[in-house]
Amino acid sequence: MEDLNEQKKSNKKTIIIIVTVVLLSIAAAVGGTLFFLGKVPGLGDTVEQVSAPSGPQITPSNSVYYEMEPAFVINFNAGRKQRFMQVYVAVKAQTEDAVAQVSQHAPVIRNNLNQLFAKQDFESIQTPEGKEEMRQAATQAVQDVLAKYGNGETIDQVLFTNLVMQ
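Below is a summary of the structure that appears in this document.

## Description of the pattern of salt bridges
Pairs can form between side chains of opposite charge whenever their charged atoms are close. As enumerated under the stated definition, the model contains one salt bridge in all. With a shortest N-O distance of 2.6 Å, R135 and E132 are connected by a salt bridge. With R135 and E132 both in helix α4 (residues 128-149), this residue pair falls three residues apart, about one helical turn. The class for E132 is partly exposed, based on a relative accessible area of 32%.

Next up, the structure:
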């Protein structure tokens, strides 16, 4: 009977030793991980200061957009063929008041943009440079209308959200 009690005590000691070794191994692994990641409490003095990223910075925008609906559809006579251009236009501004002015004067703006788009040479607006020149001219046309009829508000730019030519 004494052998049986000694064997049970020996088994309990073995189990306790194994559990203790496993717990110490886990604690060492967690401690080592925290140390190498620099997240150990009390080591705040040795943590290096992280500098600001040197890449492009994202700044919050206060821009307001106004979609001019419906899209502009312009027809061209390019040689002997009839060509068409469809332009979806949005206006970018910094204030709601500017967008309200664009909305209020939308008929005049649409008229001026239709005339501007119709004057374009179909071949030249097929290039990226031609499209950019047309976009800048459209921005200027909207700004001219707001300067003439508006209350001093201005827009940032006209954007072509979709432009199809055929």
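Once the structure has been displayed, the description carries forward.
## With respect to the sheet that holds strand β1 (residues 64-78)
Spatially, three strands are ordered β1-β2-β3 in an open sheet, and the strand pairing comes out antiparallel. On the outer flanks of this sheet lie β1 and β3 (157-165), each paired with one strand and no other. For this sheet the average axis-to-axis angle between neighbouring strands, irrespective of direction, equals 20 degrees. Where strand β2 (residues 81-93) lies against β3, eight bridges are found, and the strand directions are antiparallel. By the bridge assignment for β3, Q86 is matched with V164. On top of the sheet, helix α2 (residues 96-104) reaches β1 and β2; it is set at about 40 degrees to β1, its chief contact.

## A short note on the nonpolar core
The biggest cluster of nonpolar side chains holds 27 residues, and the ones touching the most others in it are M85, V89, L113, F117, V142 and I155. Only β1, β2, α2, α3 (106-118) and α4 provide two or more residues apiece to this core. Considering each element in turn, this core owes the most residues, six residues, to α4. Look past the residues within four positions of F117 in its chain and what remains in contact with it is F72, I74, F76, M85, V87, V89, M134, A138 and F160.

## Observations concerning the packing of α2 against α3
Across the interface, α2 lies against α3 with an axial gap of 5 Å and an inter-helix angle of 70 degrees. Relative to α3, α2 is oriented roughly perpendicular. In this structure, α2 uses V102, S103 and Q104 to contact α3, whose residues at the interface are A106, P107 and I109. Of the residues contributing to the contact of α2 with α3, the split by class is four nonpolar, two polar and no charged.

## Re a nonpolar patch on the surface
A contiguous nonpolar surface patch, about 700 Å² in accessible area, is contributed by I15, I18, V19, V22, L23, I26, V30 and L34. In this structure, L34 sits in helix α1 (residues 2-37). By relative accessible area, which is 33% here, L34 ends up partly exposed.

Parameters and conventions
- The numbers attached to residues start from 1 for each chain and follow its sequence in the written order.
- At least 70 in pLDDT is required for a residue's local features to be given in this predicted model, at least 80 for side-chain atom pairs to be given and counted, and no such filter applies to totals for whole chains, interfaces and linings, which use all residues.
- The side-chain values count all of the structure's non-hydrogen atoms but skip hydrogen atoms and water molecules.
- For this analysis, a salt bridge means a side-chain nitrogen from Lys or Arg found within 4 Å of a carboxyl oxygen belonging to Asp or Glu.
- Numbering of helices and strands starts at the N terminus; helices are DSSP runs of H or I of at least 4 residues and strands are runs of E of at least 2.
- A 1.4 Å probe rolled over the protein chains alone gives each residue an accessible area, and that area as a share of the maximum for its type sets the label: buried under 20%, exposed over 50%, partly exposed in between.
- For two strands to count as paired, DSSP must find a minimum of two bridges between them.
- Note on definitions: angles span 0 to 180 degrees between N-to-C directions of axes, and those axes are lines fitted to C-alpha atoms, for helices only across the stretch in contact.
- Should any heavy atoms of two residues lie within 4.5 Å, those residues are considered in contact.
- In plain words, nonpolar cores are sets of buried Ala, Val, Leu, Ile, Met, Phe, Trp, Tyr and Cys residues tied together by side-chain atoms within 4.5 Å.
- Should an angle lie under 35 degrees it is considered roughly parallel, over 145 roughly antiparallel, and from 65 to 115 roughly perpendicular; all remaining angles are considered oblique.
- Gly is put with the polar residues, along with every residue not named as nonpolar or charged; the nonpolar set is Ala, Val, Leu, Ile, Met, Phe, Trp, Tyr, Cys and Pro, and the charged set is Asp, Glu, Lys and Arg.
- Patch membership is restricted to residues that have no salt bridge and whose relative accessible area is over 30%. Joining uses 9 Å for like charges and 5 Å for the nonpolar side chains Val, Leu, Ile, Met, Phe, Trp and Tyr.
- Each accessible area is a Shrake-Rupley estimate made with a 1.4 Å probe; only the visible protein chains count as cover when residues are assessed.

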